[in-house]
Amino acid sequence: MVDVEKFLEEPGERDIAVKDVFKPKEFEKLKAKMAEVGWPDVSDYWEAELKHRKIVSEFMKDPLLGSKRLISMPDRVTNTINVVDSDEPVCRPTVINMYSEDLSNLDTWFDKWTSFMFKNSVRIPISETESEETVPYKMLQPISKAKYPDITEDEAARSLPIQTLCGAIFDAILVHMMNTVVDPPVWQSLKKTMVENLNKQKVPHTVEILKRSYSSSDIIALQEVSSSFVITAQNHFADHYHVVPPSEIDASRDQNSILMLSKARFPNGATSEITDLVYNSFPEGVKVPVATGDILAITATDASGNDYVIASFHGDTNGLATIPVVDAILQTMASNELLANHKLIFGMDANTYQHGEPGKKQDVLEFASHFVSKGLSSCWGDRPNPENYTTFNARTYLQPQLNKACKSSEKREMGDVNPKDFILFAKEQFDVVHTWKDNTGDEKYIEDMAFPTLKFPSDHGILSTVLKEKNSVNAETDE
């Protein structure tokens, strides 16, 4: 990775023209493929805007290509496609995902890349019960000037073929770079090891950790869960847990918040889903940055007859939705007489930060002050320690947004090292008996260790707490 960093930071004479990596013959083949699907010609854009650029200084590190999303948008949609009836996703032939076939030369890569984009069909989930067959190029979305103002009117009008061309150039440069700095057998062998452990085995590793270390939990709240994990969990935990996905899953990102309820503690599982009520409780006219699948809120009754509202939530990258979602949950409960006496337990990836920025990034202490003002407390108490981190990761240089890459010497300072995860509850209802975090899968947390690792598949630590109901001897566990 240090060699990759050096290639991109100090390319020198290796900063050759785009046309010397993504050659004109490849452009002509790609142009023909795009014409076959009815997209407009972009030969003028190739000639004037792309082919003569230097691959590093003028393409990979061009901030305008980044702000226009001409590289990151097609990567987001086609990088890794979760498909129906398989734990393994379909991956675009590129260096930066779990694609495991041969990328030792550009000719091999290009043939596989064009087949992936324009020929090979995939069946993707569009709801919990429905799916559709498509081809990856059909999944690309136009780039709107209203949303991304740096894009020109012409680029927006032809954004499908232009983003496809930029994506192809980006992937070609990555293949060229890797085969330049490291012998292909070396880097591809290392990649296969990482792919196997971090991607192909992500679901099995997650299931194994939950079974080994957390099988006594009453409630498990998970975020950014794929539809394939839901199916796997329903199979593996059928004897002991109700696995509850949202009724409306996120089919495109395939990142969903789910809940697992112990059948011993909650024999009837979820009695209702109230996610729509939560969405409807956002203030009118206020845009809250939540996507389909980010929120799951349910009601459940435990074996002793106690009624609960239980929620799982994945916050947006900057944490700006976290306070509005907490408020919406509380408003939902307060405005519905059937929920007024329910106890709240709320597990979340709040995406809060040690050092927030007003209106830009949610500060963790500001978040704590807010939930305390609403009568809530957390597994970390009323005032969490801003240095009690639950994430430690840093973006490498193998990605489409190099402005977000961290140098190998700056992982601690520039990485995502923040206190992001919480379990909330009504302060008048519960006391915390014990809280711990885990980034190993063995109920232990190693401070200052970057993760995910080959054995721990998540970029967030597992957070666990034992809660004791006030005036009761009963305790319950929530992750």
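All of these numbers come straight from a predicted model, not from anything done at the bench. (Residues numbered from 1 in each chain as written. Predicted model: local features only at pLDDT ≥ 70, side-chain atom pairs only at ≥ 80, totals over all residues. Heavy atoms only, no water.)

(A) A look at the overall build of the protein. Secondary structure assignment for the protein yields 17 helices and 16 strands. Overall size of the protein, expressed as C-alpha extent along the three principal axes, is 75 × 45 × 45 Å. For the protein, buried positions account for 53% of its 479 residues. Put simply, 70% of the contacts in the protein that link residues at least 6 apart link residues at least 24 apart. Split by element, the accessible area of the protein, about 21,600 Å² in all, is 48% carbon and sulfur. Within the protein, one finds 50 positive and 73 negative side-chain charges whose respective centroids are separated by 4 Å. (Helix = DSSP H or I, 4+ residues; strand = E, 2+ residues; numbered from the N terminus. Buried < 20%, exposed > 50% of the residue type's maximum accessible area, 1.4 Å probe, protein only. Contact = heavy atoms within 4.5 Å. Areas by Shrake-Rupley, 256 points an atom, 1.4 Å probe, with all protein chains shown as cover. Lys, Arg positive; Asp, Glu negative; His and termini not counted. Charge placed at Lys NZ, Arg CZ, Asp CG, Glu CD.)

(B) Structural context of the packing of aromatic side chains. Considering all chains together, one arrives at 18 aromatic pairs under this definition. With a centroid separation of 6.0 Å and an interplanar angle of 85 degrees, the aromatic rings of F237 and Y241 are classed as edge-to-face. By relative accessible area, F237 is classed as buried at 6%. When the ring of F367 is compared with that of F422, the centres are 5.3 Å apart and the planes differ by 80 degrees; the resulting orientation is edge-to-face. Here the residue F367 occupies a position in helix 16 (residues 364-373), and F422 occupies one in strand 13 (residues 421-426), the gap between them amounting to 55 residues. Judged by relative accessible area, which is 0%, F367 ranks as buried. Since its relative accessible area comes to 2%, F422 is described here as buried. Note that K211 overlies the ring of F237, its terminal NZ or CZ placed 5.9 Å from the centroid. Across from the ring centre of Y445, 4.1 Å away, lies the NZ or CZ of K437, which sits over that ring. (Phe/Tyr/Trp six-rings, centres within 6.5 Å; stacked < 30°, edge-to-face > 60°. Lys NZ or Arg CZ within 6 Å of the ring centre and 35° of its normal.)

(C) Quick peek at the packing of helix 12 (residues 202-213) against helix 13 (residues 227-236). Two elements in contact, helix 12 and helix 13, have axes whose closest approach is 10 Å; the angle formed by their N-to-C orientations is 40 degrees. When the axes of helix 12 and helix 13 are compared, the pair comes out oblique. For the pair helix 12 and helix 13, the crossing hand works out as right-handed. From helix 12, V203, T206, V207, L210 and K211 reach across to helix 13, where they touch S228, F229, T232 and H236. Class assignment for the residues of the contact of helix 12 with helix 13 results in four nonpolar, four polar and one charged. (Axes fitted to C-alpha atoms, helices over the stretch in contact; angles between N-to-C directions. Parallel < 35°, antiparallel > 145°, perpendicular 65-115°, else oblique. Left-handed = near helix turned anticlockwise from the far one by under 90°. Nonpolar A, V, L, I, M, F, W, Y, C, P; charged D, E, K, R; others polar.)

(D) Representation of a nonpolar patch on the surface. Taken together, the side chains of L190, M194 and L454 define a hydrophobic patch exposed on the protein surface, amounting to about 270 Å² of accessible area. Here L190 is to be found in helix 11 (residues 184-200). (Patch = residues over 30% accessible without salt bridge, like charges linked within 9 Å, V, L, I, M, F, W, Y side chains within 5 Å. Salt bridge = Lys/Arg side-chain N within 4 Å of Asp/Glu carboxyl O.)

(E) Quick look at the nonpolar core. Ranked by internal contacts, the top residues of the largest apolar core, which has 63 residues, are F22, L30, F59, L165 and I169. With 13 residues, helix 10 (residues 159-181) is the largest single contributor of residues to this core. When sequence neighbours within four positions are dropped, the list of residues in contact with L30 reads F22, F110, W113, F118, T164, L165 and A168. Counting residues in each nonpolar core, the second largest holds 30 residues, with I274, V278, I295 and A350 among its members. (Core = buried A, V, L, I, M, F, W, Y, C linked by side-chain atoms within 4.5 Å.)

(F) Just the sheet that holds strand 12 (residues 376-378), in detail. With mixed pairing, six strands are arranged side by side in an open sheet as 8-9-10-11-13-12. Since the sheet does not close on itself, it has two edges, and those belong to strand 8 (270-273) and strand 12, each with one partner. Here the strands of the sheet are splayed against their neighbours by 25 degrees on average, with no regard to which way each runs. Both strand 11 (residues 343-349) and strand 13 contribute to a ladder of five bridges, which runs antiparallel. Following the sheet pairing, G347 is matched in strand 13 by I423. Sheet contacts for helix 15 (residues 322-335): strand 9 (295-301), strand 10 (307-314), strand 11, strand 12 and strand 13; angle to strand 11, the most-contacted strand, approximately 160 degrees. Contacts from helix 16 reach strand 11, strand 12 and strand 13, with the element oriented near 15 degrees to strand 13. (Pairing = 2+ DSSP bridges.)

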